[in-house]
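Structural overview
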Amino acid sequence: LAKTTQPISMDSYEGQEVNITCSHNNIATNDYITWYQQFPSQGPRFIIQGYKTKVTNEVASLFIPADRKSSTLSLPRVSLSDTAVYYCLVGDVLQDDKIIFGKGTRLHILP
Amino acid sequence: DAGITQSPRHKVTETGTPVTLRCHQTENHRYMYWYRQDPGHGLRLIHYSYGVKDTDKGEVSDGYSVSRSKTEDFLLTLESATSSQTSVYFCAISEYDTQYFGPGTRLTVL
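Notes on the structure follow. (Residues numbered from 1 in each chain as written. Chains lettered and ligands numbered in written order. Predicted model: local features only at pLDDT ≥ 70, side-chain atom pairs only at ≥ 80, totals over all residues. Heavy atoms only, no water.)

1. So, the pattern of salt bridges
Residues and elements named next belong to chain B. Evaluated as defined, the whole model comprises four salt bridges over all chains. In this structure, Arg-22 and Asp-73 form a salt bridge, with 3.1 Å as the shortest nitrogen-oxygen distance. Remark: Asp-73 occurs in strand β8 (residues 73-78) and Arg-22 occurs in strand β3 (residues 19-25); sequence separation between them is 51 residues. Looking at Arg-22, the relative accessible area reads 34%, which means it is partly exposed. (Salt bridge = Lys/Arg side-chain N within 4 Å of Asp/Glu carboxyl O. Helix = DSSP H or I, 4+ residues; strand = E, 2+ residues; numbered from the N terminus. Buried < 20%, exposed > 50% of the residue type's maximum accessible area, 1.4 Å probe, protein only.)

Below, the structure written as structure tokens:
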């Protein structure tokens, strides 16, 4: 399982676009990049997953450069309800028996 | 939301007491996991299961045991609870690609 590094915390304002970057220098060929979101007193929730280039869904976008050693989760026009902890995970979704969560990035959205 | 329930949702117990937490799923997913979450540590994997009677240790398995006698249930047991096991415990299920988490159990060991 590739180790990931992401900022411990970030602040932003309502209406802004927020980008959270995750480093994963030892990502393997078969590894996917997955982001989860966790609100207080709840379990994490899947946001988005990608392998390369760009992935977009109704919640976020995920940008992955060609070398795949980092990835950026982009949240468009955040609101107060986007205040949460965001986890970046890297692993082989078809082979890995377990997924290891790091400490995540605590995103605080200000009015 | 995925069909995952955890019981109990809250429990207060005393040091040295055995405690069993239950995770129940209705999704028939192969993989089930137990995590604990503490301030400053994020989520840490305790044990996981990749099938009935097939389990393995995670990164913080000391003091915990698990059992999975049927697909839908994954039990986490603290044989003799200690104050260091006060935490929020999350169960998760997956079928390879994405994990779905339960609502959590808040355990306090006095």
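2. Thoughts on the interface of chain B and chain A
Listed per partner, the contact involves 20 residues of chain B and 18 residues of chain A. Buried area between chain B and chain A, both sides added, is near 1600 Å², and the carbon and sulfur share of it is 53%. Mapped by element, the contributors of at least two residues to the side of chain B that touches chain A are β4 (31-38), β5 (42-51) and β10 (99-101) of chain B. For the side of chain B that touches chain A, the class distribution of residues is 10 nonpolar, seven polar and three charged. (Contact = heavy atoms within 4.5 Å. Buried area = accessible area lost by both parts, 1.4 Å probe. Nonpolar A, V, L, I, M, F, W, Y, C, P; charged D, E, K, R; others polar.)

3. Looking at the sheet that holds β8 of chain B
Residue and element names in this part refer to chain B. In space, the four strands of this open sheet follow the order β1-β3-β8-β7, with antiparallel pairing throughout. Whereas interior strands pair on both sides, the edge strands pair on one side only; in this sheet they are β1 (4-7) and β7 (64-70). Within this sheet the neighbouring strands show an average axis-to-axis angle of 20°, counted without direction. Taken together, the six bridges between β3 and β8 define a ladder with antiparallel strand orientation. When the bridges of β8 are listed, Val-19 appears paired with Leu-78. (Pairing = 2+ DSSP bridges. Axes fitted to C-alpha atoms, helices over the stretch in contact; angles between N-to-C directions.)

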